[in-house]
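# Per-entry structural report
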Amino acid sequence: MFDRLMGYGERDKGFDTALITIIVLAMTLAFIAQSGILEDVPETEQVVGSEVVPQEYLLLFRLACLLVVIVTLLGLILDPVTVTDYPLDFDLRKDVPREARGVIRMSAFTQWHFALIGCSFAIASAASAIHLSGGVVPDWMLIASPILFSIGYSCAFLVTTVISFHIIDDMLSKGQNVGHLFSWYELVMHNGNVAMMGIALILNDLELVWGYFSFPIVFGIVYVAWAAIFANFIGRVFIYDFIDYRKTGAPIIYSLLLGILVAFFFLVLGLDRLAEWDRRIAALVVIVITWAISRTSKPDQG
């Protein structure tokens, strides 16, 4: 059935996919607008405090994570070695080898979500630093911190799971080299992402609310819009073959991906509630989940 969804029919499904995506986006934005969720300002202590470590140590952890993101993305962009990957050619409608290097490699969802994680830690660090210096943390920082965290962790679960359980095996089945997925910066983005966010969840006092589920949806839709622009006007490829909006099953695939992303948000929300009840148990659950979905050993391709 998946092969049928991934194929092309007599009529491209671009219009259908766009219509469904626009409807979901409109409904999500309407929910955000009417919910007042962007007007509810969390308490400062929820953003800068921790029941586990002193606030100074929390700031150092956030800065360290921000540094990891910056170094990782710079390592990817500045890597002098050209990487061969296998995106879906827009015109040929099949996977083709491509030589990629530099800023063009920032076009993938993996890099987008990791950059967003960096923004999350940057704003949280700024809030901590302002509070520790005796200043008043701006409302927008208090509002943005838990929202960005929920987006980042939800997307981290999606990225790690899809790469570990689909992309690597799919490439192996096609005889494609997966070596580039096991470079140090790729491993940090595919596995270190969930580890950092998991530690942050245990250390933070952020209070997540169920209405935040809407923000990962918006982020995901913004990315697929970017992917369409990139495929049509910039790179002429889809980085991920399953997000070609013309495929027979594209409307279903898009809906499924957004559904999985929302499910991962509620996993994050559940972990947050568990941490409020007992941080030691929550830490154990986070460790088990992180270990279960991570894939760090490069398969032998001969």
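Anyway, here's the lowdown on the structure attached to this text. These figures come from a predicted structure and were not determined experimentally.

### A short note on the overall build of the protein chain
- From N to C terminus, the protein chain includes 10 helices and four strands.
- The C-alpha atoms of the protein chain give 20 Å as radius of gyration, which agrees with the globular expectation for 302 residues (19 Å, within 12%).
- Summarising its shape, the C-alpha atoms of the protein chain cover approximately 60 × 45 × 35 Å along the three principal directions.
- Taking all 302 residues of the protein chain together, the buried fraction comes to 53%.
- In the structure as shown, the protein chain presents an accessible area of about 14000 Å², 68% of it carried by carbon and sulfur atoms.
- Between the mean site of the 18 positive side-chain charges and the mean site of the 28 negative ones, the protein chain shows a separation of 9 Å.

### Some words on the nonpolar core
- In terms of nonpolar packing, the biggest core is built from 94 residues, with Phe-149, Tyr-153 and Tyr-240 touching the most fellow members.
- No other element matches helix H6 (residues 139–173), which puts 19 residues into this core.
- Apart from the residues within four sequence positions on either side, Phe-149 is in contact with Ser-120, Met-197, Ala-200, Leu-201, Asn-204, Leu-206, Leu-208 and Val-268.

### So, unusual backbone geometry
- The residue Arg-93 is not glycine, and still its phi comes out positive at about 60 degrees.
- In this structure, Arg-93 sits in the loop between strand S2 (88–89) and strand S3 (98–100).

### Examining the packing of helix H2 (residues 14–35) against helix H9 (residues 250–277)
- At a minimum axis separation of 8 Å, H2 and H9 run at an interaxial angle of 30 degrees. For the element pair H2 / H9, the angle class is roughly parallel. Judged by the sense of rotation from one axis to the other, the crossing of H2 with H9 is right-handed. Along the contact surface, H2 presents Asp-16, Thr-17, Ile-20, Thr-21 and Val-24, while H9 presents Ala-250, Pro-251, Tyr-254, Ser-255 and Leu-258.
- When grouped by side-chain class, the residues that make up the contact of H2 with H9 number six nonpolar, three polar and one charged.

### Observations regarding the packing of aromatic side chains
- Enumeration over the complete set of coordinates arrives at 20 aromatic pairs.
- Aromatic pair Phe-61 and Phe-121: ring centres 6.1 Å apart, planes at 85 degrees, arrangement edge-to-face. Here the residue Phe-61 occupies a position in helix H4 (residues 55–78), and Phe-121 occupies one in helix H5 (residues 109–132), the gap between them amounting to 60 residues. As far as burial versus exposure is concerned, Phe-61 and Phe-121 are alike and both buried.
- Put simply, the rings of Phe-109, Trp-112, Phe-219, Tyr-223, Trp-226 and Phe-230 pair up and form one aromatic cluster.
- A cation sits over an aromatic face here: Arg-93 above Tyr-8, 4.9 Å from the ring centre.

### A short note on the environment of Ile-217
- In this fold, Ile-217 is placed in helix H8 (residues 214–234).
- Overall, Ile-217 belongs to the buried group, its relative accessible area being 8%.
- Setting aside residues up to four positions removed in sequence, Ile-217 forms contacts with Val-24, Thr-28, Leu-258, Leu-261 and Val-262.

Conventions and cut-offs
- Residues numbered from 1 in each chain as written.
- Predicted model: local features only at pLDDT ≥ 70, side-chain atom pairs only at ≥ 80, totals over all residues.
- Heavy atoms only, no water.
- Helix = DSSP H or I, 4+ residues; strand = E, 2+ residues; numbered from the N terminus.
- Rg over C-alpha atoms; globule rule 2.2 N^0.38 Å.
- Buried < 20%, exposed > 50% of the residue type's maximum accessible area, 1.4 Å probe, protein only.
- Areas by Shrake-Rupley, 256 points an atom, 1.4 Å probe, with all protein chains shown as cover.
- Lys, Arg positive; Asp, Glu negative; His and termini not counted.
- Charge placed at Lys NZ, Arg CZ, Asp CG, Glu CD.
- Core = buried A, V, L, I, M, F, W, Y, C linked by side-chain atoms within 4.5 Å.
- Contact = heavy atoms within 4.5 Å.
- Axes fitted to C-alpha atoms, helices over the stretch in contact; angles between N-to-C directions.
- Parallel < 35°, antiparallel > 145°, perpendicular 65-115°, else oblique.
- Left-handed = near helix turned anticlockwise from the far one by under 90°.
- Nonpolar A, V, L, I, M, F, W, Y, C, P; charged D, E, K, R; others polar.
- Phe/Tyr/Trp six-rings, centres within 6.5 Å; stacked < 30°, edge-to-face > 60°.
- Lys NZ or Arg CZ within 6 Å of the ring centre and 35° of its normal.

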